[in-house]
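The primary structure of each chain is shown beneath.
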Amino acid sequence: TTWFDLAMRPLIVELPTLTTLTSFSFTTGNDALGRDPVQWRLEGSVTGKTDWTLLHSTTTDFLTPSARGARTVWFQTSQA
């Protein structure tokens, strides 16, 4: 699935059951290099309301692969 938002609003994913996220990766898009994430903040919540907890963040630019359709390394979360 591709997600692109010029306004750069948060992407909220709701899972059907309570899930512990211990790692994640992403795959580069099939189009423009400038649309791939280089900085992010990943948060988790039990309710999806106000109890957000920081799981992973980067404040310096990540060297996202330049190849299209390339998977990044797996990032460990604070829940690992």
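Up top is the structure these notes are about.
Basis of the calculations
- Residues numbered from 1 in each chain as written.
- Predicted model: local features only at pLDDT ≥ 70, side-chain atom pairs only at ≥ 80, totals over all residues.
- Heavy atoms only, no water.
- Helix = DSSP H or I, 4+ residues; strand = E, 2+ residues; numbered from the N terminus.
- Buried < 20%, exposed > 50% of the residue type's maximum accessible area, 1.4 Å probe, protein only.
- Contact = heavy atoms within 4.5 Å.
- Areas by Shrake-Rupley, 256 points an atom, 1.4 Å probe, with all protein chains shown as cover.
- Lys, Arg positive; Asp, Glu negative; His and termini not counted.
- Charge placed at Lys NZ, Arg CZ, Asp CG, Glu CD.
- Polar contact = N/O pair within 3.5 Å; in protein donor to acceptor, adjacent residues only side chain to side chain.
- Salt bridge = Lys/Arg side-chain N within 4 Å of Asp/Glu carboxyl O.

Draft legend 1. Structural detail: the overall build of the protein chain. Check the secondary structure of the protein chain and you find zero helices and four strands. Starting at the N terminus and walking to the C terminus, you meet the elements of the protein chain as β-β-β-β. Looking at the protein chain residue by residue over its 80 residues, the buried ones come to 20%. Once local pairs closer than 6 in sequence are excluded, the contacts in the protein chain between residues at least 24 apart make up 55%. Accessible area for the protein chain stands at about 6500 Å²; split by element, carbon and sulfur atoms hold 56% of it. If you average the places of the 6 positive and of the 7 negative side-chain charges in the protein chain, the two averages end up 3 Å apart.

Draft legend 2. Focus on the environment of R68. Tracing the chain through its elements places R68 in the loop between β3 (53–58) and β4 (75–76). Assessed through its relative accessible area of 29%, R68 is described here as partly exposed. Discounting residues that sit within four places of it in the chain, R68 has contacts with T28, G29, N30, D31, A32, L33 and D36. A polar contact is formed between the side chain of R68 and the backbone oxygen of S66, at a distance of 3.3 Å.

Draft legend 3. Seen up close, the pattern of salt bridges. Counted under the stated rule, the structure contains four salt bridges. Between R9 and D5 there is a salt bridge; the shortest N-O distance is 3.1 Å. Owing to a relative accessible area of 53%, R9 belongs among the exposed residues under this scheme. Overall, the relative accessible area of 16% leaves D5 in the buried class. Among the salt bridges present, the one from R35 reaches D31, with a minimum N-O distance of 2.8 Å. Classification of R35 by relative accessible area gives partly exposed; the value is 45%.

Draft legend 4. Structural detail: the side chain of H56. Mapped onto the elements, H56 comes out in strand β3. Of the residues examined, H56 reaches a relative accessible area of 16% and is grouped as buried. Other than its neighbours up to four places away in sequence, H56 contacts F24, W40, R41, L42, F75 and Q76.

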